[in-house]
Amino acid sequence: MSKLQIKFDIQSFWHIGCAEEGGAYVDSLMLKDRNGLPYLPGRAVKGLLRSAFSLAESKGWFQAPEELSNLTDYIFGSEGEGLATQGLLTIDSASLGQNEMEFFVSNNGAAEQLFDVHFSTAINENGVAQEGSLRSMEVAVPMVLVCDIDIQENSLKPLIGVETIKSWLKSVCPLVSEFGAKRTRGYGQVVVTAE
Amino acid sequence: MANTENRKCTDITVVKLVLETASPMAINSGLREVGFDNQLVRDVNGLPTIPATAFAGVWRHLATSTLANKLDIDHYFGFTSKSQSNGAIESAAARIVVSNGRILDSNNQVVENYQSPEKIADDPILSICLHERPMYRERVSINDRGVAKDTGKFDQILLPKGIRFALTIKVKQALNSDLDLLLGVLNDKRFALGSSTRNGLGQIKVVNSDVININLAEGIKAGERLQSVLSQPCSNNNDLAKPQYHTHTLGLLATVPLQGLDYWRCGRGSELLGSVPSSGSVGIMTYSETCVRWVDNKAKVTERIPVFCGSSIKGILAHRIAYHYRRHTDQWAESMATASHDDWQTRPQAVNELFGYATDGQQDDDGAWLNKGQAGRLVVLDSIINYDPENITIRTHNTIDRFTGGVRKGALYSEELIYQPTFTVHVYITPGEALPIELQHAIRDTFDDIRLGMLSMGAGSGRGSSAVQLQSEQTMTFNSHLLGE
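Attention here is on the structure that accompanies the text.

## What about the interface of chain B and chain A?
Argument step 1. If you look at the interface, chain B gives 44 residues, while chain A gives 31 residues.
Argument step 2. Counting the surface lost from both chain B and chain A, the interface buries some 2,900 Å², and carbon and sulfur atoms represent 56% of this.
Argument step 3. The interface formed by chain B and chain A includes two salt bridges.
Argument step 4. At the junction of chain B and chain A, the tally comes to eleven residue pairs in polar contact (both at pLDDT 80 or more).
Argument step 5. Broken down by element, the residue count for the side of chain B that touches chain A peaks at seven residues, all from helix H7 (residues 220-231) of chain B.
Argument step 6. Its residues placed into classes, the side of chain B that touches chain A shows 19 nonpolar, 16 polar and nine charged.

Have a look at this one:
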């Protein structure tokens with residue numbers, strides 16, 4: 001097994017929703033951990049990396065063994081209507097560094113400074129604000145999140161070395177430049193690097 | 001061959017932009033500042049920013065109005081809609097990714113997140129922008145009797161002219177021909193951000209731009225290049241100035257070079273243009289504001305410059321056009337003898353659509369919102385006032401008691417006037433359906449009035465301090481074909 005640490009250097013406000021609304025406070029709340037701190041869930045990290053890896057594979061970045069028809073499925077696993085297979089990665093959630101977490105846990109109320117509320121409205125075809133379109137979203141401030149990825153070797157049918165997979169994952173990190181809700185509209189701008 | 005090149009699809013195109021506010025901008029957070037009607041939207045440093053949602057919204061709106069028959073707008077900007085066949089929600093993510101506009105400091109450098117307050121306060125541009133109100137304009141709507149309308153007063157916080165922002169656009173899988181059209185929209189004169197864009201606010205210009213194509217088939221190095229391009233600042237080039245990005249969709253209806261006939265004033269400023277008189281303070285003065293000027297990529301805050309605000313000019317035009325329109329449609333005062341005060345101060349509908357209007361929200365029987373508001377088609381820009389600093393005077397006024405003929409107590413006041421200043425009024429009209437013929441006549445008559453010196457352009461028209469004439473050896477241009485002939 002080999003470990004890879006991914007760093008998400010978030011450059012803008014960002015939002016990962018928890019599918020709950022906050023009444024009069026806000027229409028969409030942020031996902032928070034048990035200490036009230038924002039984090040990027042492991043499944044979201046995996047989705048981002050998988051999407052980037054799939055794009056890179058389609059562009060011929062990797063020399064995979066001939067017997068592998070789908071490199072992305074082999075590394076990340078697959079599910080759906082076909083045969084479900086387990087991938088080679090175990091991905092943690094991306095969270096604040098240990099020191100920062102301790103600071104926010106020990107300083108009551110400090111975590112509130114990590115959030116803001118943004119409002120937006122839609123403009124209709126007449127060029128004026130559309131009635132009933134005002135909405136609000138809780139967002140987190142720019143920060144650095146880190147997560148660990150464990151890469152295992154396929155014990156049944158080893159086709160690719162762990163170090164090769166590690167280097168491939170590192171190489172696709174630059175393809176992830178935004179994440180989360182409204183990622184195409186200025187939220188979740190990120191620089192992702194791997195060590 | 002060129003056509004084949006245009007049909008090419010680029011994996012990722014990154015467009016780096018440096019935008020400059022070409023007029024004050026009111027881009028708001030949706031909240032209110034104490035004592036003001038709006039609050040500027042700000043980044044994590046507390047500095048003003050351009051939200052990507054605002055930028056993309058204006059871009060999409062203009063692209064839809066000009067390019068809808070040439071390319072699939074939803075394909076690039078994304079969509080969510082309800083299927084008409086089964087009611088299911090259909091959606092697609094946007095292929096255009098826009099970042100927020102980040103403010104540049106006085107050395108033309110992007111301000112990174114979490115800068116120390118001391119560092120921001122040391123910068124002459126950032127320190128101004130850090131204020132809750134970097135600048136503000138007070139506006140008031142005038143009714144048919146020439147006095148302020150009830151609830152017609154606005155206190156608007158603004159960002160000064162000349163502030164620069166860096167913004168990045170990433171476009172995935174776009175045909176080169178489509179991309180040229182889409183990027184051309186950014187040069188459209190109508191591309192204005194924030195509120196009151198028809199009154200000259202929110203105008204932007206592209207100062208620098210890089211258009212960088214990234215071909216992912218080049219392998220791992222393409223990924224590294226993408227990350228590097230997204231992180232590095234925009235160069236000093238302007239790729240969007242190239243011919244394929246030119247666009248002309250907003251019509252210049254009129255250019256009117258004017259000069260004050262005598263001593264002249266506009267607006268209501270807060271600081272004198274000349275020196276403080278020995279008699280003490282001055283009650284009324286011309287509106288003036290500072291702005292930011294860039295020389296060799298270094299920014300400086302200018303002295304106060306008098307400005308004839310677009311909203312003032314638009315208000316004057318609106319009143320005279322409404323007057324002529326009523327004349328051409330036989331709406332005479334005698335027929336409104338019993339009309340209510342509200343009816344008197346309501347513009348004719350045709351004039352309202354030309355100048356734009358807003359209404360309070362109304363719902364239909366099913367609870368759906370009825371969108372009754374309409375953005376206007378006339379765009380009037382601010383005019384910079386050119387004047388000779390030597391020719392400023394303070395005029396003192398008194399009020400005479402009508403019964404005694406003596407001076408009324410406490411009625412002494414003074415105003416600062418500029419002698420024969422020059423300025424040019426620019427009026428644009430957005431493309432659309434032909435205007436009603438009576439309205440076309442009313443607009444022509446109004447500009448004839450200006451040409452003949454029969455329409456006061458400025459403030460204090462009752463005292464003659466806003467009389468204007470055409471500048472000597474200059475001619476007015478008026479493109480009447482834009483009205484829909």
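That was the structure; now back to the text.
## Regarding the pairing of strand E5 (residues 144-151) of chain A
Residues and elements named next belong to chain A.
Argument step 1. With eight bridges joining them, strand E1 (residues 2-10) and E5 adopt antiparallel strand pairing. Across the sheet, Lys3 pairs through a bridge with Asp150, a residue of E5.
Argument step 2. In the sheet, strand E2 (residues 89-91) pairs with E5 via three bridges, with the strands oriented antiparallel. When the sheet's bridge partners are listed, Ile91 is paired in E5 with Ile149.

## A word on the packing of aromatic side chains
Residue and element names in this part refer to chain B.
Argument step 1. In this structure the tally under the stated criterion is 16 aromatic pairs over all chains.
Argument step 2. Taking 6.0 Å as the distance between ring centres and 70 degrees as the angle between the ring planes, the aromatic pair formed by Phe55 and Trp59 counts as edge-to-face. Taken together, the positions of Phe55 and Trp59, both in helix H2 (residues 52-67) and four residues apart, correspond to about one turn of that helix.
Argument step 3. Here Phe55 falls in the buried class, since its relative accessible area comes to 0%.
Argument step 4. An angle of 40 degrees between the planes, with centres 5.1 Å apart, marks the rings of Phe447 and Phe478 as tilted. Of this pair, Phe447 sits in helix H11 (residues 437-451) while Phe478 sits in strand E26 (residues 477-478), and the two are 31 residues apart along the sequence.
Argument step 5. Judged by relative accessible area, Phe447 falls into the buried class, the value being 2%.
Argument step 6. The exposure class of Phe478 is partly exposed, given its relative accessible area of 22%.

Basis of the calculations
Residues numbered from 1 in each chain as written. Chains lettered and ligands numbered in written order. Predicted model: local features only at pLDDT ≥ 70, side-chain atom pairs only at ≥ 80, totals over all residues. Heavy atoms only, no water. Contact = heavy atoms within 4.5 Å. Buried area = accessible area lost by both parts, 1.4 Å probe. Salt bridge = Lys/Arg side-chain N within 4 Å of Asp/Glu carboxyl O. Polar contact = N/O pair within 3.5 Å; in protein donor to acceptor, adjacent residues only side chain to side chain. Helix = DSSP H or I, 4+ residues; strand = E, 2+ residues; numbered from the N terminus. Nonpolar A, V, L, I, M, F, W, Y, C, P; charged D, E, K, R; others polar. Pairing = 2+ DSSP bridges. Phe/Tyr/Trp six-rings, centres within 6.5 Å; stacked < 30°, edge-to-face > 60°. Buried < 20%, exposed > 50% of the residue type's maximum accessible area, 1.4 Å probe, protein only.

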